[in-house]
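Below, each chain spelled out in residue letters.
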Amino acid sequence: MAENTCPVYEARIRLKEALDAGEFKTPKGHRLAEEVHDLLFDISWGRAGSEHLPAIEHLLMEWTSLADPPSQQMARFIRTTIDADRETFQSHIDTHNCATGACVKLAPAPCQMTCPAGLDIPTYVTLIGMGRDAEAIDVIRKDCPFPWVCGLVCTRPCEFMCVRGRMDEPVSIKFLKAFAAERSMSTRLYRNPEKEPDKGQKVCIVGAGPAGLSCAYYLALKGYGVTVIEALPMAGGMIMVGIPRYRLPREVIDREVAMLEDLGVAFRFDTAFGKDVTLEGLKAEGFEAFFFAIGAHRSYKLNIPGETDYPQVIEAVSFLKDVALGRRHRPGRRVVIVGGGNVAIDAARTSLRLGAEEVVMAYRRTRAEMPADVEEVEQAEEEGVEISFLTIPAQVIGRDGRVTALRCIRAEMKEPEGGKRKVPVPIEGSDFDIETDAVISAIGQQVDHGCLAELIGLKWTRRNTIETNTVSMETAIPGIFAAGDAVSGPATVIEAIGGGKRAALAIDRYLSGIPQPRSRPVPVRRGRMPFLEVPATTKMILKRAAMPVLNIDRRRTTFQQVELGFTENMVREEARRCLRCDVCIRCGKCVDICRNKMGIDALSMGYIDFDRPTPTDYRITAERCILCGACAANCPTGAMHIEDRGDERVLSLCGTLLNRQKLLFCQECHAVLGTARYLEFIRKQTASAPSAIGAPLLCVACQRKRHAGIHDETTPV
Amino acid sequence: MAFHKGQKVEVFQRSQDEAWEAYMDELIGRHGIITDPDTVINDPESLVEVSINGKGTFRLPQDCLRVLS
């Protein structure tokens, strides 16, 4: 099948063309073709249920048996298509999304497709815009057990893909989620989805990080008995011991983990796999499948002289873990952090909060190459962290068993011969010392796989991560699945949640004896919400809300949450910025028809093009549009809508009111004539319709009557 | 680091890396945005997180990606 074609769409279109061409000559063949087409149409339009595929297959059997060669041929084609792509047909029915977008009504929004956990963002953002926060959280928790955690620390790939970002700035999806979760928890409306009946089968999860907890949540919902083994004394993994409390308060994690306990998930803390428990022992306890999400907790070494000579040279991951576990000791009066990623930033800002007077980050490249989030870097600098760019650590200097300085070399970015990327090259003779009492290395982590030594047959990648099929998260050992940082290397919270969710689906299939899918699951459309009505001007001038933050003195001295959260008004307004790309598929038909067929060019929607967006201005429509309705009539999804409301005609795009004008009525019968601009446009085109100015306004029927009367009076019989 | 967060990229070829899986062939020719660059140790060998327009988010080897101007 060619790239980006959908088998459901292909089958339906081919059948429709044959029907239109009158290929099925027998009445029964034609009737069966119509019935199969209707059922396929239901599937491609999001209206199908569990009976649709069996019903189609039943009709195909009858259809094939007809003594009509075109019928037999078409029935066989559809039969073969379904057999080859049953997964896709079923996915259309289950998810109400068509990943290719060919079935236009089911084209998913880019934000939802981008989210590694597949959250239905347009639906929950609209619910938040309506003030229905608890329902929004219900929608989110169908795809992600931790909306509050994600609302505070997600790296938000959805916002990078947000179509609003092509107009001005993306919708602040992450913070909307945080608000809704907090409000929902506060009003005691934060609840678990309904569980399936108990299956009587047990699954063991090793690691209580985001991947492990996500897998536990979905398996518990499916009715499995789930036990999570965790080496630390609490749940959360890296989100608990790797992310500092000023970004993610412990209460947020505890409250969301408690929801898993309510589902019946059991935890065994302070229990290390490979030490306190073994695979054989767990199998003897009756666990039938295992999921490993042990994370990537081992730091890379700096590999410079002096690194192992002083206790004040510490690894960022251990440092952050100690602080999270309550050991809040200042690492030194002056601290140097080596690295430029988010962990380095976290270590630097944590050092400040523990009382360090000078905190310097030594980073070997330039600001442009820093992998840390821009917002995190800005906040760190505001708090007083200094960043020394193009600085390569060369040696840890010390005296009497204590670190006194980090010797560094200046670097310059150079493109090596034949190389494609610039690398930092040391400048000879540029050595300098940064005086310090402690050095914290934060140059990355890897998987510490010592605890998995007993898993004979487990395969590892050359990146030292567990080798899995990333669709099903199966490892090389049957019944053992893995996800999270242990598979991807250090990655994001939402990727870990998505991996855990995929693994749960795969474990369910494994234990039910169902074959694993060939491609990643398509995210599920959780609803089709009515639009939030917003005037075009408001839509244009609403700017992305800025997050209020804690005052700088508290940020330098306490672990209080830095980002204070949006106010209710900010949240409702921000939600109104959403363009509802779950309905508008940006096909551009409306723009094309308005510009090229009608010659009006009233739609300025430059965001349609992913690669080269041009400016967008919804306000232009009100200036130029004649409200002819051609755009709405040709919109394949109903995103563009025209309607008469009282004495006005209103054009809207996904709730954005693009144009509204007074209607003119027939002076005789009061039938709707259209708007003045529309009548003027028609008059210019035909020179026969009544002008809006001067002449009496009559509909065609009344004009005819009047002319007939005149003829009757003036023409002799 | 060759890729920065927010850069538009194209999956221009199949990667020879072991991390490339068969289903990723359908990503070739698609455009996307870097959402999480190689945060580990600025390693050209590390996988980067890319959101591919209309396809989803993937961790891909860097040799299959090129920056769109």
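Residues numbered from 1 in each chain as written. Chains lettered and ligands numbered in written order. Predicted model: local features only at pLDDT ≥ 70, side-chain atom pairs only at ≥ 80, totals over all residues.

Student: Would you mind showing me how to read the overall build of chain B here?
Tutor: Along chain B, the regular secondary structure elements total zero helices and five strands. For chain B, the succession of helices and strands along the chain, N to C, is β-β-β-β-β. For 69 residues, the compact-globule estimate of 2.2 N^0.38 gives 11 Å, and chain B sits close to it at 11 Å. The principal-axis extents of the C-alpha atoms in chain B amount to approximately 30 × 25 × 20 Å. Per-residue burial over chain B gives 48% buried out of 69 residues. (Helix = DSSP H or I, 4+ residues; strand = E, 2+ residues; numbered from the N terminus. Rg over C-alpha atoms; globule rule 2.2 N^0.38 Å. Buried ≥ 20, exposed ≤ 12 C-beta atoms within 10 Å, placed from the backbone.)

Student: Help me understand the sheet that holds strand β3 (residues 48-52) of chain B in this model?
Tutor: Residue and element names in this part refer to chain B. Ordered in space as β4-β3-β2-β1-β5, the five strands form an open sheet in which the pairing is antiparallel. Each having just a single partner strand, β4 (56-60) and β5 (65-67) make up the two edges of the open sheet. Neighbour-to-neighbour, the strand axes of this sheet turn through a mean angle of 40 degrees, independent of strand direction. One ladder, built from five bridges, connects β3 with β4; its direction is antiparallel. Paired with isoleucine 52 across the two strands is glycine 56, which belongs to β4. (Pairing = 2+ DSSP bridges. Axes fitted to C-alpha atoms, helices over the stretch in contact; angles between N-to-C directions.)

Student: Please clarify how helix α20 (residues 493-512) of chain A should be interpreted in this entry.
Tutor: Helical geometry: 3.6 residues make up each α-helical turn, so side chains three or four residues apart lie on a common side. Residue and element names in this part refer to chain A. An ideal rise of 1.5 Å per residue puts 28 Å on 20 residues; α20 measures up with 29 Å between its terminal C-alpha atoms. Buried residues dominate α20, accounting for 17 of its 20 residues. At the exit of α20 stands glycine 513, carrying a positive phi of roughly 75 degrees. (Expected span 1.5 Å × (residues − 1).)

Student: Please explain the interface of chain B and chain A as it appears in this structure.
Tutor: Interface size, as often reported, equals the accessible area lost upon joining of the parts. Counting from both sides, the interface comprises 30 residues of chain B and, opposite them, 36 residues of chain A. Listing elements by their share of the side of chain B that touches chain A, those giving two or more residues are β2 (31-36), β3 and β4 of chain B. The dominant element in the side of chain B that touches chain A, judged by the number of residues it contributes, is β2(B), at four residues. Of the residues in the side of chain B that touches chain A, the class split is 11 nonpolar, 12 polar and seven charged. (Contact = placed C-beta atoms within 7 Å. Nonpolar A, V, L, I, M, F, W, Y, C, P; charged D, E, K, R; others polar.)

Student: So what exactly am I meant to see when it comes to unusual backbone geometry here?
Tutor: What is expected of a backbone is that most residues other than glycine have negative phi and most peptide bonds are trans. All names here are of chain A. Residue leucine 390 is not a glycine yet carries a positive backbone phi of 50 degrees. Positionally, leucine 390 belongs in the loop between β9 (386-388) and β10 (391-399). What makes leucine 390 buried here is the crowd of 21 C-beta atoms within 10 Å. The phi dihedral of arginine 580 is positive, around 55 degrees, even though this residue is not glycine. Along the chain, the position of arginine 580 falls in the loop between α23 (568-575) and α24 (589-597).

Student: In this structure, what is going on with the environment of A:Ile427? I would like to understand it.
Tutor: All names here are of chain A. By the secondary structure assignment, isoleucine 427 is in the loop between β12 (423-426) and β13 (432-435). On the basis of neighbour counts, which here come to 13 C-beta atoms within 10 Å, the residue isoleucine 427 falls in the partly exposed class. Residues isoleucine 427 and isoleucine 409 lie 18 residues apart in sequence; the distance between their C-alpha atoms is 6.9 Å. Excluding residues that lie within four positions of it along the chain, isoleucine 427 makes contacts with Ile409, Arg410, Ala411 and Glu412.

Student: Whenever I open this one, the domain arrangement of chain A confuses me. Can you help?
Tutor: Entries for chain A in the domain assignment read domain 1 (7-106), domain 2 (111-191 + 540-572), domain 3 (202-297 + 447-512), domain 4 (301-442) and domain 5 (589-710). For domain 1 of chain A versus domain 4 of chain A, the distance between C-alpha centres works out to 62 Å. (Domains from an automatic or database assignment.)

Student: Can you walk me through the sheet that holds strand β6 (residues 313-315) of chain A in this structure?
Tutor: Across a sheet, strands are paired by hydrogen bonds formed along the backbone, either parallel or antiparallel in direction. All names here are of chain A. A sheet is described by the order of its strands in space; here five strands give the open sequence β6-β14-β7-β8-β9, paired in parallel fashion. Of all the strands in the sheet, the pair left with one neighbour each is β6 and β9. Looking at each pair of strands side by side, their axes are set apart by 25 degrees on average, direction ignored. Summarising the sheet, strand β7 (residues 334-338) and strand β14 (residues 438-441) pair through four bridges and their orientation is parallel. If you follow valine 338 over to β14, its bridge partner there is serine 441. Helix α16 (residues 316-324) rests against β6 and β14 of the sheet, and its axis sits at about 80 degrees to β6.

Student: For this particular structure, what's the right way to read the nonpolar core?
Tutor: The nonpolar side chains of a soluble globular protein tend to be buried, and buried together. Residue and element names in this part refer to chain A. Ranked by size, the top nonpolar core spans 218 residues in total, and within it Val149, Ile205, Ala216, Phe291, Phe292, Ala293 and Ile337 carry the most contacts. Among the elements that take part in this core, α20 stands out by supplying 10 residues, more than any other. Each residue touching phenylalanine 291, except ones within four places of it in the same chain, is listed here: Val203, Ile205, Gly212, Cys215, Phe481, Ala482, Ala503 and Ile507. (Core = buried A, V, L, I, M, F, W, Y, C linked by C-beta atoms within 7 Å.)

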